[in-house]
Amino acid sequence: MSYASPQICSNCVLPAVPPHIVFDDNGVCNICQDYAARQRQPLFLESDFIRILDKKRGKHRYDCLVMCSGGKDSTAALYFMKERYKMNPLAFTFDHGFEQSDAIDNVRNAVDKLGVDFIFYKTNYMKDMFKRMIRSKSKAVICHPCSIWYMDLGYKMAKRFD
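Residues numbered from 1 in each chain as written. Predicted model: local features only at pLDDT ≥ 70, side-chain atom pairs only at ≥ 80, totals over all residues. Heavy atoms only, no water.

Engineer: Explain the nonpolar core to me, please; I cannot follow it from the model alone.
Structural biologist: Note that soluble globular proteins tend to have their nonpolar side chains buried in a common cluster. Ranked by internal contacts, the top residues of the largest apolar core, which has 14 residues, are Leu78 and Met81. When residues of this core are traced back to their parent elements, those giving at least two are β1 (64–67), α3 (72–84) and α4 (101–114). Counting residues per element, this core draws most heavily on α4, which supplies 4 residues. In contact with Met81, not counting residues within four places along its chain, are Phe49, Leu53, Cys64, Val66, Lys86 and Met87. (Core = buried A, V, L, I, M, F, W, Y, C linked by side-chain atoms within 4.5 Å. Buried < 20%, exposed > 50% of the residue type's maximum accessible area, 1.4 Å probe, protein only. Helix = DSSP H or I, 4+ residues; strand = E, 2+ residues; numbered from the N terminus. Contact = heavy atoms within 4.5 Å.)

See the structure below:
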């Protein structure tokens, strides 16, 4: 019994694994094609980001809204907006009823140390929604409704504080 050798990408040597890895007429895999397409896209540099921030700085009571979960990434984002970019951020935390007290304490410590205003929004609405989803045996991913609501609330806060 003999096995045919799989087609190999002429660029990176990945083997063909349909439907995930397929080749064009030149024998180049879709992974290499996607990578090449991304390399042609212009880079968004920090200098571009600073130009955007400069347009917003000082125009309103707050220059930006920083969503804070109390984790290291959002705490770093708050720090960078305040210290590195010299913005006047409004920190915002949304507690859907499942937030850990340590995370909320982390946000409170960060806003205290940085001298940043802070809005804390707490609701148990999501607990009731999750209960209904579980009882109904819904196939929905529980995180999706929360994420959509959280983002919507973030946009409303940003609009509210201009």
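Now that the structure has been shown, we can carry on.
Engineer: Sorry if this is basic, but what is going on with the packing of α3 against α4 here?
Structural biologist: What describes two packed helices is the angle between their axes and the distance between those same axes. Close contact between α3 and α4 brings their axes to 10 Å; oriented N to C, the two are set at 10°. Classified by the angle between their axes, α3 and α4 sit roughly parallel to one another. Residues Thr75, Leu78, Tyr79, Lys82 and Glu83 of α3 form the contact with α4, whose own contacting residues are Ala110, Val111 and Leu114. (Axes fitted to C-alpha atoms, helices over the stretch in contact; angles between N-to-C directions. Parallel < 35°, antiparallel > 145°, perpendicular 65-115°, else oblique.)

Engineer: Just to check I follow, could you spell out the sheet that holds strand β3 (residues 117–122) for this structure?
Structural biologist: In any sheet, the strands associate via hydrogen bonds between backbone groups, in a parallel or an antiparallel arrangement. Spatially, 3 strands are ordered β1-β2-β3 in an open sheet, and the strand pairing comes out parallel. For this open sheet the edge positions go to β1 and β3, each flanked by a neighbour on one side alone. Direction aside, neighbouring strands of the sheet carry axes that sit 25° apart on average. Pairing between β1 and strand β2 (residues 89–95): 4 bridges, direction parallel. Counterpart to Leu65 in the pairing with β2 is Leu90. Running over the sheet, α3 touches β1 and β2 and is turned about 160° from β1. Lying over the sheet, α4 contacts β2 and β3, oriented at roughly 160° with respect to β3. (Pairing = 2+ DSSP bridges.)

Engineer: What should I look at first to understand the pattern of salt bridges in this one?
Structural biologist: Side chains carrying opposite charge are able to pair once their charged atoms draw close together. A complete count under the given rule lists 6 salt bridges for this structure. Residue Lys156 pairs with Asp152 through a salt bridge whose shortest N-O separation is 3.0 Å. Placement of the pair is Lys156 and Asp152 together in helix α6 (residues 143–160), with a separation of 4 residues, close to one helical turn. (Salt bridge = Lys/Arg side-chain N within 4 Å of Asp/Glu carboxyl O.)

Engineer: Can you walk me through the pairing of β3 in this structure?
Structural biologist: On any regular strand, side chains alternate: one points to one face of the sheet, the next to the other face. With 6 bridges joining them, β2 and β3 adopt parallel strand pairing. Across the sheet, the residue bridging to Phe92 is Ile119, located in β3. Assessed by its sense of winding, the connection that carries the chain from β2 through α4 to β3 is right-handed. (Right-handed = clockwise from strand over helix to strand, strands pointing away.)

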